[in-house]
Amino acid sequence: MHIVKIKGGKTLSGEIVVSGAKNSIVGLMPAAVLCDEDVNIYNVPHLSDVDNLIDILEYLNVGVESKEDYMKIIPTNLCNKPIHSEFSKKLRASYYFMGALLGKYGHVEISFPGGCVIGARPIDLHLKGFKALGATITENGDTMIIDADELIGTNIYLDFASVGATINLMLAAVKAKGKTVIENAAKEPEIVNIATFLNSMGANISGAGTNKIKIEGVEYLSSCFHEVIPDRIEAGTFIIMGAALGDHLKVSNLIPEHVYSLTEKLREMGVPLEIGPDYVIVSKPEKYNPVDVQTLVYPGFVTDHQQLIASLMVLANGTSSIEETIYENRFQNLYELSKMGARIKVEGKKAYIYGPTKLTGTTVMATDLRAGAGLVIAGLMATGETEIQNADYILRGYENIVEKLSNIGAELELI
Ligand code: UD1
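Cut-offs and rules
- Residues numbered from 1 in each chain as written.
- Predicted model: local features only at pLDDT ≥ 70, side-chain atom pairs only at ≥ 80, totals over all residues.
- Heavy atoms only, no water.
- Core = buried A, V, L, I, M, F, W, Y, C linked by side-chain atoms within 4.5 Å.
- Buried < 20%, exposed > 50% of the residue type's maximum accessible area, 1.4 Å probe, protein only.
- Contact = heavy atoms within 4.5 Å.
- Pairing = 2+ DSSP bridges.
- Helix = DSSP H or I, 4+ residues; strand = E, 2+ residues; numbered from the N terminus.
- Axes fitted to C-alpha atoms, helices over the stretch in contact; angles between N-to-C directions.
- Domains from an automatic or database assignment.
- Buried area = accessible area lost by both parts, 1.4 Å probe.
- Salt bridge = Lys/Arg side-chain N within 4 Å of Asp/Glu carboxyl O.
- Parallel < 35°, antiparallel > 145°, perpendicular 65-115°, else oblique.
- Left-handed = near helix turned anticlockwise from the far one by under 90°.
- Nonpolar A, V, L, I, M, F, W, Y, C, P; charged D, E, K, R; others polar.
- Near = heavy atom within 4 Å.
- Polar contact = N/O pair within 3.5 Å; in protein donor to acceptor, adjacent residues only side chain to side chain.
- Areas by Shrake-Rupley, 256 points an atom, 1.4 Å probe, with all protein chains shown as cover.
- 1 Å grid on protein atoms, 1.4 Å probe; cavity = no way out; pocket = protein on both sides within 12 Å on 5 of 7 lines; lining within 4 Å.
- Sits in = over half its atoms within 2 Å of the grid points.
- Phe/Tyr/Trp six-rings, centres within 6.5 Å; stacked < 30°, edge-to-face > 60°.

(A) Representation of the nonpolar core. Judged by nonpolar contacts, the single largest core of 79 residues is most densely connected at Phe97, Phe130, Ile146 and Leu198. Ignoring sequence-local partners within four residues, the contact set of phenylalanine 130 consists of Met98, Gly99, Leu102, Ala135, Ile137, Ile146, Asn168, Leu169 and Ala172. Grouped together as the second largest cluster of nonpolar side chains are 68 residues, Met241, Tyr288, Ala373 and Leu405 included.

Right, dumping it as structure tokens:
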């Protein structure tokens, strides 16, 4: 188990560069197996989730060559073996192999995925969509066997605009016969990034980024070059750190539109921000206004950012609130934050944070990825030393976090 130790109260300045998006690369790597030739991906972040996906690809006899931020994936000798729980449980995104292998071979055997425990996280919408495309699903304990003699394009309406289901159905439909339409599709930028990747191989997908995605099936996908978009959640993490402790901290290599719901909320809090074409410069204000946040699907306020801004809300002059509408159990960070002195009340899907409060360093536990990142923000803000246990969660989604933060003036170590 890794531990992060932080000495709080340091001013953050200089420049911090955002890496490629975790939620994009974890879809792109499974999507690569659909290709009938090699694929080349740039701006790949070094994350434990990426390492876990490499393990799955290599187990399936897919070649992976990486150098710095470049990755070549060679799926030409793929062997479509069952993906057991030792692989699938390591990350949520292992479930993208369902859509990709089903789409390519008409058969996949895979155990249920793992991932952060932030709610029930069922996969019924994925399975319903596969069935609509003509697949049959047999469940055997925690293993699913999904088969289709032929996948046939159809109209699929998602009861909820799920990111995972939208991507998985796009993967399954790329080589299906005829036209698939996904209605009430999720619109997150990572979906657009994955659709662009597939289109550059020769897929025929239109409408990604809107709530109606149309996929005209193709037979062959050829080699391509692709770049991972910047990570909007990581960008948001650094912007919030700057809002708490920044002196003209420049967060660069981001797409401002992707973090708009956050930057607008920070402006409402009174945080001075300068937004450039691919950067945000952020400083700590004299005082913070309390704000109310409601999480929504993109382009609404991002659920992952909710766990991060919670730490900043502690500093506001009055009561802030968070309403979590996407997940049932995404407030575990708040219990840890209260160990540091935050005054918080959680009532069902709503949390109230009473400020202003000064946080004091203590030992806390990362209960999931963004909870861990929220505690890093809190540790940077707190007086004294904060020890974050279970920090492996943080490494799933933040590349070189210690080095990056040390370079802008933070004092922390990973043990
Ligand atoms: C993705 C992101 C995660 C982000 C979330 C919401 C990845 C790897 N993870 O997660 O960081 O917080 O989007 O933006 O990209 N649901 C169902 N049935 C389903 C599928 C989902 O009920 O079949 C529910 C989930 O339980 C959850 C909600 O829909 O309450 C949203 O889930 P979804 O959009 O699918 O999120 P993920 O893809 O898991």
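(B) Just the sheet that holds strand β2 (residues 15–17), in detail. One open sheet holds the four strands; their spatial order is β2-β14-β16-β15, and the pairing between them is mixed. Among the strands making up the open sheet, the edge pair consists of β2 and β15 (273–275). Each strand axis lies, on average, 20° off the axis of its neighbour in the sheet, ignoring direction. Here β15 runs beside strand β16 (residues 279–282); their pairing, made up of three bridges, is antiparallel.

(C) Fine view of the domain arrangement of the chain. By the assigned domains, the chain splits into domain 1 (4–19 + 230–414) and domain 2 (22–227). Between the C-alpha centres of domain 1 and domain 2 there is a distance of 30 Å. Contacts between domain 1 and domain 2 engage 23 residues on the former and 21 residues on the latter. With both sides pooled, the region where domain 1 packs onto domain 2 buries about 2000 Å², and carbon together with sulfur makes up 52% of that total. On the domain 1 side of the contact with domain 2, Tyr298, Arg396 and Glu399 bury the most area, a combined 32% of that side's loss. Remark: the boundary between domain 1 and domain 2 carries two salt bridges.

(D) Structural view of the packing of helix α1 (residues 22–31) against helix α7 (residues 189–201). Where α1 meets α7, the closest approach of the two axes is 9 Å, and the angle between their N-to-C directions is 30°. In terms of their interaxial angle, α1 and α7 are classed as roughly parallel. Crossing geometry of α1 relative to α7 is assigned as right-handed. Contacts from Asn23, Ser24, Gly27, Leu28 and Ala31 in α1 reach Glu190, Asn193, Ile194, Phe197, Leu198 and Met201 in α7. Grouping the amino acids of the contact of α1 with α7 by side-chain chemistry returns six nonpolar, four polar and one charged.

(E) Geometry of the site of the ligand. Taken together, 20 residues sit near the ligand, with Asp124, Leu125, Ser162, Asp304 and Ile326 positioned nearest. In the model, an oxygen atom of the ligand is placed 2.7 Å from a nitrogen or oxygen of the leucine 125 main chain. Taken by itself the ligand offers 740 Å² of open surface, and the protein chains cover 89% of this. Because more than half of its atoms lie within 2 Å of the grid, the ligand is assigned to the largest pocket.

(F) A look at the packing of helix α6 (residues 163–173) against α7. Between α6 and α7, the shortest axis-to-axis distance is 10 Å and the interhelical angle comes to 10°. With respect to their mutual orientation, α6 and α7 come out roughly parallel. Listed contacts from α7 to Val163, Thr166, Ile167, Met170 and Leu171 of α6 are Ile191, Ile194, Ala195 and Leu198.

(G) Examining the sheet that holds strand β4 (residues 63–67) more closely. The strand order β4-β5-β3-β13 describes an open sheet built from four strands, whose pairing is mixed. The open sheet has two edge strands, β4 and β13 (224–227), and neither has a second partner. Across the sheet, the mean angle separating the axes of adjacent strands is 15° when strand polarity is ignored. Across three bridges, strand β3 (residues 39–42) lies against strand β5 (residues 70–74) in antiparallel orientation. The residue of β5 that forms the bridge with valine 39 is isoleucine 73.

(H) Quick look at the packing of aromatic side chains. For the structure shown, the criterion picks out four aromatic pairs. Ring plane angle 20° and centroid distance 6.3 Å describe the contact between tyrosine 42 and phenylalanine 225, whose orientation is recorded as stacked. Remark: phenylalanine 225 occurs in strand β13 and tyrosine 42 occurs in strand β3; sequence separation between them is 183 residues. For tyrosine 42, a relative accessible area of 33% gives the class partly exposed. Exposure remark for phenylalanine 225: the relative accessible area of 58% places this residue in the exposed category.

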